[in-house]
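Examining the three-dimensional arrangement
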Amino acid sequence: MENRKETTIEERKLVIKLSNEGKSQQNIAKVVGRSVNCIQKILQKFKKTASTFNNLGRYVSAGTVRRVLRKAGYNGRVARKKALNCDESKFNIFGSDGRRMVWRKPNTSHHPKYTIPTAKHAGGSVMVWGRMTASGVGKLVFIDGIMHKMAYLNILQNNLKESADKLGLVSNFPFQQDNDPEHTAFGCKSMAALSLSEST
């Protein structure tokens, strides 16, 4: 018999199967190539846990986990519950408007399997602006055309206060947005701060 420390999951499943078929532990040990003692341990563990997976049985304290995570560069932070997150996104009605790659063999470029269906005039798209907090989401604002500084200022002026009130944000909460050019344009950050201060 080969002397290995750990049984494979396939071996453990085979032991359970043969045991359920009524085979003796000695016969199972011969078929699997393990000792009778090993077969007994597998069957006892299966009766207790109803699982064929190995549990290493090591206890790791929460302090050890924190120490290892800190050593890897992670720090514990309390999640923000009172932050208003805003962003816009474009949704295509049909497919992607970007470049798409397919893997194909030579001389098969026109095979239907390797072509991507298209729609006349790209099928259209819709751009929306929305906001959310840990407590819920606000309404979507549909954007006509391209998002630019003035459109973004208009959205902030008309929707930010309403969203903060609806989502239960009372005062002094972070307003988070990405660094799109229209978000960082002159006047947009101050407009966001002004809109939020008016909501208190």
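Residues numbered from 1 in each chain as written. Predicted model: local features only at pLDDT ≥ 70, side-chain atom pairs only at ≥ 80, totals over all residues. Heavy atoms only, no water.

Stated precisely, the cut-off is as follows: UniProt positions are given in the numbering used here, feature names are shortened, and annotations may be inferred rather than shown by experiment.
As annotated in an unreviewed UniProt entry, the chain carries the name Transposable element Tc1 transposase and is attributed to Trichonephila clavipes. Quoted straight from UniProt, the Subcellular location (unreviewed entry) entry for the chain says "Nucleus".

Some details on the side chain of Arg131
Applicable threshold: Strands here are runs of E lasting at least two residues and helices are runs of H or I lasting at least four, both read from the DSSP assignment and numbered beginning at the N terminus. Only protein chains enter the area calculation, which uses a 1.4 Å probe; residues under 20% of their type maximum are buried, those over 50% are exposed, and those in between are partly exposed. Counted charges follow a simple rule, with Lys and Arg positive, Asp and Glu negative, and His plus the chain ends left uncounted. Salt bridges are defined by distance alone: a side-chain nitrogen of Lys or Arg within 4 Å of a carboxyl oxygen of Asp or Glu. The contact criterion used is simple: two residues touch if any of their non-hydrogen atoms lie within 4.5 Å.
Topologically, Arg131 is positioned in strand β2 (residues 125-133). Of the buried charged residues, Arg131 lacks a salt bridge, with Glu162 as the closest side chain of opposite charge at 5.1 Å. Ignoring anything within four residues of it in the chain, the contact list for Arg131 reads Leu84, Asn85, Cys86, Val137, Gly138, Lys139, Leu140, Val141, Asn159 and Ser163.

Quick look at the confidence of the model for the chain
Put simply, the rule reads: What pLDDT reports is the predictor's confidence in each residue, on a scale of 0 through 100.
For the chain, per-residue confidence averages 79 on the pLDDT scale, and 80% of positions sit at 70 or higher. The spread of mean pLDDT over the elements of the chain runs between helix α7 (residues 188-198), the lowest at 60, and helix α2 (residues 25-32), the highest at 92.

Here we look at unusual backbone geometry
A positive phi angle, close to 65 degrees, is found at Asn107, a residue other than glycine. Along the chain, Asn107 falls in the loop between β1 (84-92) and β2. We classify Asn107 as exposed; its relative accessible area is 80%.

Considerations on a nonpolar patch on the surface
Threshold: Each patch groups residues whose relative accessible area exceeds 30% and which form no salt bridge, using 9 Å between like charges and 5 Å between nonpolar side chains of Val, Leu, Ile, Met, Phe, Trp and Tyr. Computed with a 1.4 Å probe, the accessible areas rest on the Shrake-Rupley method; for each residue, only the protein chains presented here act as cover.
Taken together, the side chains of Val60, Val65, Leu69 and Tyr74 define a hydrophobic patch exposed on the protein surface, amounting to about 390 Å² of accessible area. With respect to the helices, strands and loops of the structure, Val65 is situated in helix α4 (residues 62-71).

Comments concerning the pairing of β1
On any regular strand, side chains alternate: one points to one face of the sheet, the next to the other face. Which entries qualify depends on this criterion: Strands qualify as paired when DSSP identifies two bridges or more between them.
Relative to strand β5 (residues 175-176), β1 is paired through two bridges, and the arrangement is parallel. By the bridge assignment, Leu84 is partnered in β5 with Phe175. Summarising the sheet, β1 and β2 pair through eight bridges and their orientation is antiparallel. Across the sheet, the residue bridging to Phe91 is Val126, located in β2.

Some details on the environment of Ile93
Mapped onto the elements of the fold, Ile93 is located in the loop between β1 and β2. For Ile93, a relative accessible area of 63% gives the class exposed. In sequence terms Ile93 and Gly124 are 31 residues apart; their C-alpha atoms lie 5.6 Å from each other.

Concerning the packing of helix α1 (residues 9-20) against α2
What counts, and what does not: Only the contacting stretch of a helix is used when fitting its axis, a line to C-alpha atoms as for every element, and angles between N-to-C directions run 0 to 180 degrees. With the far helix as reference, a near helix turned anticlockwise by less than a right angle produces a left-handed crossing, and one turned clockwise produces a right-handed crossing. Amino acids are sorted into nonpolar (Ala, Val, Leu, Ile, Met, Phe, Trp, Tyr, Cys and Pro), charged (Asp, Glu, Lys and Arg) and polar (every other residue, Gly among them).
Closest axis-to-axis distance for the α1/α2 pair is 10 Å, and the angle between their directions is 145 degrees. Crossing of α1 against α2: the hand is right-handed. From α1, Glu11, Leu14, Val15, Leu18 and Ser19 reach across to α2, where they touch Ile28, Val31 and Val32. In terms of residue class, the contact of α1 with α2 is built from six nonpolar, one polar and one charged.

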